[in-house]
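Chain and residue survey
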Amino acid sequence: MDLDTDKIAQEAINAIAKKIKNLKTLNIIVAGKTGVGKSTLINAVFREKLAETGMGKPVTDHMRKITKKGVPLAIYDTRGFELGREVQTEVKREVIDTISKGLATQDINNAIHCIWYCINTASNRVEPEEIEWLKELSKDNQITQVPIIIVLTQSFSKKKADEMRKMLLDENLDVIQVIPVLAEDYDIEDLGIAKSYGLDILIKVMGEALPDELMDTLQNVQIASLEEKKRYAQAAVATASLAAAGAGAAPIPFSDCALLIPTEIGMIASITVIFGFDVNKSIITALLSSTIGAGGATLLGKTVVSNLLKFIPGAGTVAGGAISAGAAGVITAALGEAYIGVMELVFKGDMTIGDIETKKGKDTMTQLFKQQLKVKHN
Ligand SMILES: Nc1nc2c(ncn2[C@@H]2O[C@H](COP(=O)(O)OP(=O)(O)OP(=O)(O)O)[C@@H](O)[C@H]2O)c(=O)[nH]1
Ligand SMILES: [Mg+2]
């Protein structure tokens, strides 16, 4: 195998494209009265300001499907809850029909995976009709078992949200959680600004409720929980690192270090998909050159490995022309963690994707990589 950085970067880009193409589509029905904050919630939880992209496509009398190219997500936005009992019954029937139709296709891409029922905490009350509607929906949903989450929107008053939550839990509704959120900071006159909160909990609960096949998709589309993205990315790093170490395998001769490359490419692709940023070849080249090697045929060759091993206290010698299995795992983990580190900086807005290619970006990755080599070994 040719250990050319450019070629490896290209292979990583191909792996990323393939993973993205294979992502399943996540489908969520978002219901609730007009003005409760459904669109604000959707825009705060998912990337690409999904709810701003026009009206969506009507799929039933009271439901529109919102999608955006390049985002493996469909939101079914309901309307008409405020129009009285009759319309509410129609909406419920449309929700159940949509669930059944999706199931009938036997394709996960068409199934409804979750329902968010939104209630505005600031409105101070939950209408009895809403409780009734939820009870009827749960009954019809007994066989289909789509997880229902009640989202208490505009919960700038945590006290009110708490009261409302308790009241709803007492109703023994067949919902998996009641989650108070404030999707955007809220300017309370005279009292200052209430900070947004709760969206990370919504993501965590979704992560527990959705099938495994949708985990990559959920992380790819969500922008509400850095912690969850990191948790999934770190799991990918742990898997790759174990594979590289070959679980107690014999030392890897330098000539076989190329065998680590596919594992590392897979890991880079997983992390990229989880963070959901647009990453091109020059970004991956920058990542590789600033960590495991400076390109050309020497990548992961003897010189590079001996240089790397200097950073691993105690493993700092190259014995018998081989890199120990443990060191292979450590190097792979450090590469993954360094990449997660810069993705985190981009997520927080401390850096742009483009910055990764600059000297500052590369220096940051080198530093993170070296730091990780030391940490991982201790
Ligand atoms: N500051 C702040 N304002 C919010 C929040 N949620 C909703 N709002 C405000 O409440 C109003 C209604 O929010 P939308 O998100 O449009 O509500 P909706 O449920 O999509 O309404 P319809 O599309 O008409 O059914 C807007 O003016 C929002 O700015 C929030 O978390 N924080
Ligand atoms: Mg809306």
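It should be noted that the structure appears before, not after, this text.
What comes next concerns the included structure. (Residues numbered from 1 in each chain as written. Chains lettered and ligands numbered in written order. Predicted model: local features only at pLDDT ≥ 70, side-chain atom pairs only at ≥ 80, totals over all residues. Heavy atoms only, no water.)

1. So, the packing of aromatic side chains
Threshold: A pair of aromatic rings is counted whenever rings of Phe, Tyr or Trp (Trp by its six-membered ring) have centres within 6.5 Å, and the orientation is called stacked for planes under 30 degrees apart, edge-to-face for over 60 and tilted otherwise. Only DSSP runs of H or I covering at least 4 residues are called helices, and only runs of E covering at least 2 are called strands; the numbering of each starts at the N terminus. Residue exposure (1.4 Å probe, protein chains only): buried if accessible area is under 20% of the type maximum, exposed if over 50%, otherwise partly exposed.
Throughout the structure, instances matching the rule amount to six aromatic pairs. For the pair Phe81 and Tyr117, a centre-to-centre distance of 5.6 Å together with 75° between the ring planes defines the contact as edge-to-face. Of the two residues, Phe81 sits in the loop between β4 (71–78) and α3 (85–104) while Tyr117 sits in strand β5 (residues 114–120), which places them 36 residues apart along the sequence. We note that Phe81, like Tyr117, is buried. Note on Phe275 and Phe277: the rings are 6.4 Å apart at their centroids and 20° apart in plane angle, and the pair reads as stacked. By relative accessible area, which is 2% here, Phe275 ends up buried. Looking at Phe277, the relative accessible area reads 23%, which means it is partly exposed. Feature note: the residues Phe81, Tyr117 and Trp133 constitute an aromatic cluster, connected by ring pairs.

2. Observations concerning the layout of surface pockets
Gaps left between atoms are located by rolling a probe of water-molecule size over the structure's atoms. Quick reminder of the rule: Two kinds of site are reported from a 1 Å grid over the protein atoms alone, namely cavities, where a 1.4 Å probe fits but cannot get out, and pockets, open sets with protein on both sides within 12 Å along at least five of seven lines, and residues are called lining when an atom falls within 4 Å of a point. Grid points are joined across faces, edges and corners, and a volume is the space filled by probe spheres set on the points. Three classes are used, and their members are as follows: Ala, Val, Leu, Ile, Met, Phe, Trp, Tyr, Cys and Pro are nonpolar, Asp, Glu, Lys and Arg are charged, and the others, Gly among them, are polar. Note that the domain bounds were set by an automatic or database domain assignment.
Of the voids in this model, the largest pocket is the one considered here, and its volume is about 380 Å³. Around the largest pocket sit 18 residues that line it, and Arg47, Gly70, Gly276, Phe277 and Asp278 are the ones nearest its centre. Mapped onto the lining of the largest pocket, the elements with two or more residues apiece are α1 (5–21), β4 and α9 (260–275). Within the lining of the largest pocket, the residues separate by chemical class into 11 nonpolar, four polar and three charged. Residue contributions to the lining of the largest pocket reach at least three from each of two domains, namely domain 1 (5–19 + 226–377) and domain 2 (32–221).

3. Some words on empty space enclosed by the protein
Scanning all chains against the criterion turns up one cavity of 30 Å³ or more. As a volume, the largest cavity reaches approximately 40 Å³. Every residue along the wall of the largest cavity is listed here: Ile8, Ala12, Ile261, Glu264, Ile265, Ile268, Ile284, Leu288, Ile292 and Leu335. At the level of elements, α1, α9 and α10 (281–289) are the ones that each hand at least two residues to the lining of the largest cavity. With four residues, the single largest contributor to the lining of the largest cavity is α9.

4. Regarding α3
Going by this rule: An expected span of 1.5 Å times one less than the residue number is assigned to each helix. In this analysis, two residues are considered to be in contact whenever any of their non-hydrogen atoms come within 4.5 Å of each other.
Taking 1.5 Å per residue as the helical rise, α3 with its 20 residues ought to reach 28 Å, and the 29 Å between its terminal C-alpha atoms agrees with that figure. Listing the buried residues of α3 in full gives Val87, Gln88, Val91, Lys92, Glu94, Val95, Ile96, Thr98, Ile99 and Gly102. On its buried face, α3 is in contact with β1 (26–31), β2 (57–60), β3 (63–68), β4, β5 and α4 (128–140). Looking one or two residues beyond α3, the residue adopting positive phi is Gln106, at roughly 55°.

5. Overview of the site of ligand 1
Using the following cut-off: Near is defined per residue: the residue qualifies when any heavy atom it owns lies within 4 Å of the molecule or strand. Distance and chemistry together define a polar contact, namely a pair of N or O atoms within 3.5 Å, with one atom able to donate a hydrogen and the other to accept it when in protein, and with adjacent residues in sequence counting only for side-chain atoms on both sides. Areas reported here follow the Shrake-Rupley algorithm with a probe of radius 1.4 Å; residue values treat only the protein chains shown as occluding.
Around ligand 1, the surrounding shell holds 14 residues, and the nearest of these are Thr34, Lys38, Ser39, Thr40 and Asp185. Between ligand 1 and Val36, the relevant distance is 3.4 Å, taken from an oxygen atom to a main-chain nitrogen or oxygen of the residue. With respect to ligand 1, the backbone of Gly37 contributes an N or O atom lying 3.0 Å from an oxygen atom. Here ligand 1 has 640 Å² of accessible area as a free molecule, and 67% of this is covered by the chains.

6. A look at the nonpolar core
Here is the rule: Definition of nonpolar core: a set of buried residues of the types Ala, Val, Leu, Ile, Met, Phe, Trp, Tyr and Cys, connected through side-chain atoms within 4.5 Å.
Counting 41 residues, the largest nonpolar core has Ile271, Phe275, Ile284, Tyr339, Met343, Ile356 and Phe369 as its most contacted members. Of all the elements in the fold, those that place two or more residues in this core are α1, α8 (226–245), α9, α10, α12 (325–348) and α13 (359–377). With 11 residues, α12 is the single largest residue contributor to this core. In this view, Tyr339 contacts Ile268, Ile271, Thr272, Val279, Ile284 and Leu287; residues no more than four positions away in its chain are not counted. In terms of nonpolar packing, the next biggest core, distinct from the first, is built from 34 residues, Ile42, Leu73, Val205 and Met206 among them.

7. A closer look at the sheet that holds β2
This is how it is decided: Whether two strands pair depends on DSSP finding at least two bridges between them. The convention used is that axes are lines fitted to C-alpha atoms, helices contributing only their stretch in contact, and that angles between N-to-C directions extend from 0 to 180 degrees.
Overall, mixed pairing links the seven strands, which are arranged β2-β3-β4-β1-β5-β6-β7 in an open sheet. Bordering the open sheet on either side are β2 and β7 (177–180), each of which pairs with just one other strand. Within the sheet, the average angular offset between the axes of one strand and its neighbour, ignoring direction, is 25°. Relative to β4, β1 is paired through five bridges, and the arrangement is parallel. When the sheet's bridge partners are listed, Ile28 is paired in β4 with Ile75. Helix-sheet contacts for α4 involve β1, β5 and β6 (148–153), and the interaxial angle to β5 is about 170°. Here helix α5 (residues 158–170) sits on the sheet in contact with β5, β6 and β7, set at roughly 170° to β7.

8. Brief notes about the environment of Ala233
Along the chain, Ala233 falls in helix α8. Taking the relative accessible area as the measure of exposure, Ala233 reaches 0% and is therefore buried. Each C-alpha atom of the pair Ala233 and Met267 lies 8.6 Å from the other, and the pair is 34 residues apart in sequence. Apart from the residues within four sequence positions on either side, Ala233 is in contact with Ile271, Ile274, Phe275 and Ile340.

9. Brief notes about the packing of α8 against α12
The condition is simple: Roughly parallel covers angles under 35 degrees, roughly antiparallel covers those over 145, roughly perpendicular covers 65 to 115, and oblique covers all other angles. By convention the crossing between two helices is left-handed if the near helix lies anticlockwise of the far one by an angle smaller than a right angle, and right-handed if it lies clockwise.
One can describe the packing of α8 onto α12 by two numbers: an axis separation of 8 Å at closest approach and a directional angle of 160°. Considering their axes alone, α8 and α12 lie roughly antiparallel with respect to each other. Two packed elements cross with a definite hand, and for α8 against α12 that hand is right-handed. For the pair α8 and α12, contact is made by Leu226, Lys229, Lys230, Ala233, Gln234, Val237, Ala240, Ser241, Ala244 and Ala245 and by Ala325, Ala328, Gly329, Thr332, Ala333, Gly336, Glu337, Ile340, Glu344, Phe347 and Lys348, respectively. For the contact of α8 with α12, the per-class residue count stands at 11 nonpolar, five polar and five charged.

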